[in-house]
Amino acid sequence: MTAQPTEAAAGAGWDAAVGATVNPSDRRGGTLRLVSSADVDSLDPARTYYVWVWLLQRMLNRTLMAYPTEPGPAGLVPVPDLAERPGRVSDGGRTWTYRLRENLRYDDGTPITSDDIRHAVQRVFAQDVLPGGPTYLVPLLDDPARRYPGPYRTTDPLRSVLTPDERTIVFRLRRPFSDFDHLMAQPCAAPVPRRADTGADYGENPRSSGPYRIAAHRPGTFMHFERNPYWDRATDPVRPALPDRVELTIGVDVDELDERLIAGEFDINLEGRGLQHAAQGRVTTDGVLRSYTDNPRTSFLHFVSIQPHIPPFDNVHARRAVHYAADKILLQRARGGPVTGGDLTTALFPPRLPAHQDLDRYPTGPDLRGDLDAARAELAAAGLPDGFDAVIGTQRGKFRLVADAVAESVARVGIRLTVKELDVASYFSLGAGHPETIREHALGLIVTDWGADFPTEYGFLAPLVDGRQIKRNGGNWNISELDDPRVNELIDQSLHTTDPAERARQWGAVERLVMEHAVILPLVHDKTLHFRNPWVTNVYVHPAFGLYDVQAMGLAPDH
Ligand code: ARG
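Right, let's walk through the structure included here. (Residues numbered from 1 in each chain as written. Predicted model: local features only at pLDDT ≥ 70, side-chain atom pairs only at ≥ 80, totals over all residues. Heavy atoms only, no water.)

Overview of the environment of Gly 387
And step 1. Following the sequence through the fold, Gly 387 ends up in the loop between helix 11 (372–381) and strand 15 (388–394).
And step 2. Taking relative accessible area as the criterion, Gly 387 reaches 11% and is therefore assigned buried.
And step 3. In the structure, Gly 387 is positioned 35 residues away from Arg 352 in sequence and 38 Å away in space, judged by C-alpha atoms.
And step 4. Not counting residues up to four positions away in its chain, the partners in contact with Gly 387 are Leu 379, Val 413, Gly 414, Ile 415 and Arg 416. (Helix = DSSP H or I, 4+ residues; strand = E, 2+ residues; numbered from the N terminus. Buried < 20%, exposed > 50% of the residue type's maximum accessible area, 1.4 Å probe, protein only. Contact = heavy atoms within 4.5 Å.)

Right, dumping it as structure tokens:
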């Protein structure tokens, strides 16, 4: 991402906190005042999925591995946090061994042990009690012949995780998984002591292993954080922990929030959605305010999924006709334009990932408004020279605008789309994410977006295209139900491969195969507009999350 020159010298500049740190400082003290329009999804580290809450978790909880405080590409690679070293791999990639540092304590002064990490991992299996978080650990560690039901239904331990002593933990995976260090950096792998675990209620009174603990939380209203007196700076290579206190105001209406943020009443908006329409115009046209603004990619891809199991999209030429007929400029505008919509893309991987390549399998003409001749040729090849009728699934709001733009695009070659709006709240679980819903409404096309749960090629693309990851009961992200043995085989190879360059090559091949199938029409890499007040120090967009890294921030003197 290139920083654009700024017309005002007042702030650090437009996009100055993307790829670099604004106001680097190690000054301690002060109260950091945060704001969000909505409350956290959960304070139980096993039950959160919001990106901004994962970033908040970095203040409260440590993990064996963690993403470093680092604005550049190094931020994508987990470093040892509670662990002394990255996982030591043996048994052909199946066994991962970590050793805890010495003198680690919770906020009540009790020691953090390997058994607490094991307990955290066991909790992930209790999806009946603790739903909401990621579940990548389950298929890697479960025994299909004797499924582990989680720690609330049995006192037997999970047998694939061993704790030979208080500082050593050994994971025996069912298959090699080269990204395992990334899973050990997710909040759900943060230690939870059994004696404090109250099951579904744990989020109301969680222990802290990080530099801060919760001093008060009134749901929907505020949350206050104070220093964890037992956190030892000498054991933590990741967190500067600068402010003495952090106060989060919750539940401020989005437009009012922007006003009060820009007026300086709050330091930073903690939530990921960024400045809303009203404030966008104001900050982008004011040279000073503009210099306090960042416009990073969120790492979410906005795309249209095309379903080969819904005729006539069983014919690849019908799918390709949609690709060629897409008016990319119209679609980008529908998404919100280049600043608050995103960067147009004809490939899948976010540019920050090593496998990113300039791929344009279905060029849409020099003006990007569609290659209608190519689209008509595909329709002819499909035996549908006059076009066809189909349904595009979406939800109201921004996704609806994209669906309308797709319909307008393809109407030019005789593809007549009906738009079907599905429920917003259950869109990803039971709507777009449920294979039955796709069939019930014959949703040949679906408007959706996706961001990786960890910043690797596997983390980004496997859930969308791995045939073994089709979720028949909902929460499905392989919406097109692609199940190509060549794709699956390359994915498995990548999980055995530790050399990043070789892995990038394998994933480049996966991406080309997926584009041959024409089941994903990529539109934009989403972008957001964020405002940073000039007295906040150590501000940067974390490359692994696409949002400000709140745990790194501090305050200038007198704030
Ligand atoms: N993969 C999920 C999605 O695309 C969540 C991504 C954001 N959350 C996260 N913790 N990475 O909706």
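As for the nonpolar core
And step 1. Of all hydrophobic cores here, the largest spans 144 residues; its most connected members are Leu 64, Tyr 98, Leu 141, Phe 171, Phe 180 and Val 465.
And step 2. If we skip the residues at most four places from it in the chain, Leu 141 touches Val 121, Phe 125, Leu 158, Ser 160, Val 161, Phe 171, Arg 172 and Leu 173.
And step 3. Residues Trp 14, Leu 289, Leu 529 and Phe 531 belong to the second largest nonpolar core, which totals 14 residues. (Core = buried A, V, L, I, M, F, W, Y, C linked by side-chain atoms within 4.5 Å.)

Considerations on the packing of aromatic side chains
And step 1. Tallying each qualifying case throughout the model produces 21 aromatic pairs.
And step 2. Here Phe 313 and Phe 388 contribute two aromatic rings whose centre-to-centre distance is 5.4 Å and whose plane-to-plane angle is 85°, an arrangement assigned as edge-to-face. On the criterion of sequence distance, the pair formed by Phe 313 in the loop between strand 13 (297–306) and helix 8 (316–325) and Phe 388 in strand 15 is long-range, its members being 75 residues apart.
And step 3. Note on Phe 313: relative accessible area 0%, which makes it buried.
And step 4. Given a relative accessible area of 5%, Phe 388 falls into the buried group.
And step 5. Taking 6.4 Å as the distance between ring centres and 80° as the angle between the ring planes, the aromatic pair formed by Tyr 458 and Trp 507 counts as edge-to-face. Placement of Tyr 458 in helix 15 (residues 457–465) and of Trp 507 in helix 17 (residues 500–517) is noted, with a sequence separation of 49 residues between them.
And step 6. Residue classification places Tyr 458 among the buried positions, given a relative accessible area of 7%.
And step 7. Put simply, the rings of Tyr 136, Phe 177, Phe 349, Phe 454, Tyr 458, Phe 460 and Trp 507 pair up and form one aromatic cluster. (Phe/Tyr/Trp six-rings, centres within 6.5 Å; stacked < 30°, edge-to-face > 60°.)

Here's the deal with the sheet that holds strand 11 (residues 268–269)
And step 1. Pairing in this open sheet of five strands is mixed, and the strands run 8-9-10-1-11 from one edge to the other. Two strands in the sheet have a free side with no partner beyond their single neighbour: strand 8 (212–218) and strand 11.
And step 2. Bridging between strand 8 and strand 9 (residues 222–227) involves six bridges; their strand directions are antiparallel. Directly across from Arg 218, in strand 9, lies its bridge partner Phe 222.
And step 3. Across the sheet, helix 1 (residues 51–60) is in contact with strand 1 (31–36), strand 8, strand 9 and strand 10 (245–250); its angle to strand 8 comes to roughly 125°. (Pairing = 2+ DSSP bridges. Axes fitted to C-alpha atoms, helices over the stretch in contact; angles between N-to-C directions.)

Section: the sheet that holds strand 17 (residues 443–451)
And step 1. Ordered by their spatial adjacency, six strands build an open sheet running 14-18-13-17-15-16, and the pairing between neighbours is mixed. On the outer flanks of this sheet lie strand 14 (342–344) and strand 16 (415–421), each paired with one strand and no other. With strand direction ignored, the average angle separating the axes of adjacent strands in the sheet is 25°.
And step 2. Where strand 15 lies against strand 17, three bridges are found, and the strand directions are parallel. Each residue of the ladder has a partner; that of Val 391, found in strand 17, is Leu 443.
And step 3. Across the sheet, helix 15 touches strand 13, strand 17 and strand 18 (520–527), and the angle it forms with strand 17 is around 160°.

Examining the site of the ligand
And step 1. Around the ligand, the structure places Tyr 49, Val 51, Trp 54, Phe 300, Trp 450, Gly 451, Ala 452, Asp 453 and Trp 477.
And step 2. Here a nitrogen atom of the ligand and a backbone polar atom of Tyr 49 are 3.0 Å apart.
And step 3. Between the ligand and Asp 453 there is a distance of 2.7 Å, counted from a nitrogen atom to a side-chain nitrogen or oxygen.
And step 4. Of all the elements in the fold, those that place two or more residues in the shell around the ligand are helix 1 and strand 17.
And step 5. In the shell around the ligand, the residues fall into seven nonpolar, one polar and one charged. (Near = heavy atom within 4 Å. Polar contact = N/O pair within 3.5 Å; in protein donor to acceptor, adjacent residues only side chain to side chain. Nonpolar A, V, L, I, M, F, W, Y, C, P; charged D, E, K, R; others polar.)

Topic: the pairing of strand 6 (residues 161–165)
Consecutive residues of a regular strand have side chains that alternate between opposite faces of the sheet.
And step 1. Strand direction decides the pairing type here: strand 6 and strand 7 (residues 168–172), joined by three bridges, are antiparallel. In the strand pairing of strand 7, Leu 162 is matched with Val 170.
And step 2. In textbook terms, the turn of a hairpin is the stretch between consecutive antiparallel strands, and for strand 6 and strand 7 this stretch comprises two residues.

Observations concerning the pairing of strand 7
And step 1. Taking burial as the measure, the five residues of strand 7 include four buried ones, the bulk of the element.
And step 2. Pairing of strand 5 (residues 95–99) with strand 7 involves five bridges; the strand directions are antiparallel. When the sheet's bridge partners are listed, Arg 99 is paired in strand 7 with Thr 168.

Considering the pattern of salt bridges
And step 1. Across all of its chains, the model carries 43 salt bridges by this definition.
And step 2. One salt bridge connects Asp 236 with Arg 62, and the closest N-O pair in it is separated by 3.5 Å. Of the two residues, Asp 236 sits in the loop between strand 9 and strand 10 while Arg 62 sits in the loop between helix 1 and strand 2 (65–66), which places them 174 residues apart along the sequence.
And step 3. Put simply, Asp 128 and Arg 153 hold a salt bridge, and the shortest N to O gap is 2.7 Å. (Salt bridge = Lys/Arg side-chain N within 4 Å of Asp/Glu carboxyl O.)

A short note on the side chain of Ser 42
And step 1. Mapped onto the fold, Ser 42 is located in the loop between strand 1 and helix 1.
And step 2. Ser 42 gets classed as buried once you look at its relative accessible area, which sits at 13%.
And step 3. A polar contact is formed between the side chain of Ser 42 and the backbone nitrogen of Asp 44, at a distance of 2.9 Å.
And step 4. The contact partners of Ser 42, leaving out residues within four places of it in the chain, are Arg 47, Thr 48, Val 53 and Gln 57.

Description of helix 1
Two residues of an α-helix separated by three or four positions point the same way, owing to the 3.6 residues in each turn.
And step 1. When you tally the buried positions in helix 1, you get nine out of ten residues, the bulk of the element.
And step 2. Taken together, the buried positions of helix 1 are Trp 52, Val 53, Trp 54, Leu 55, Leu 56, Gln 57, Arg 58, Met 59 and Leu 60.
And step 3. Buried residues in helix 1 make contact with strand 1, strand 8, strand 9, strand 10, strand 21 (541–542) and strand 22 (547–548).

Keep in mind that these numbers describe shape and distance, not what the molecule does.
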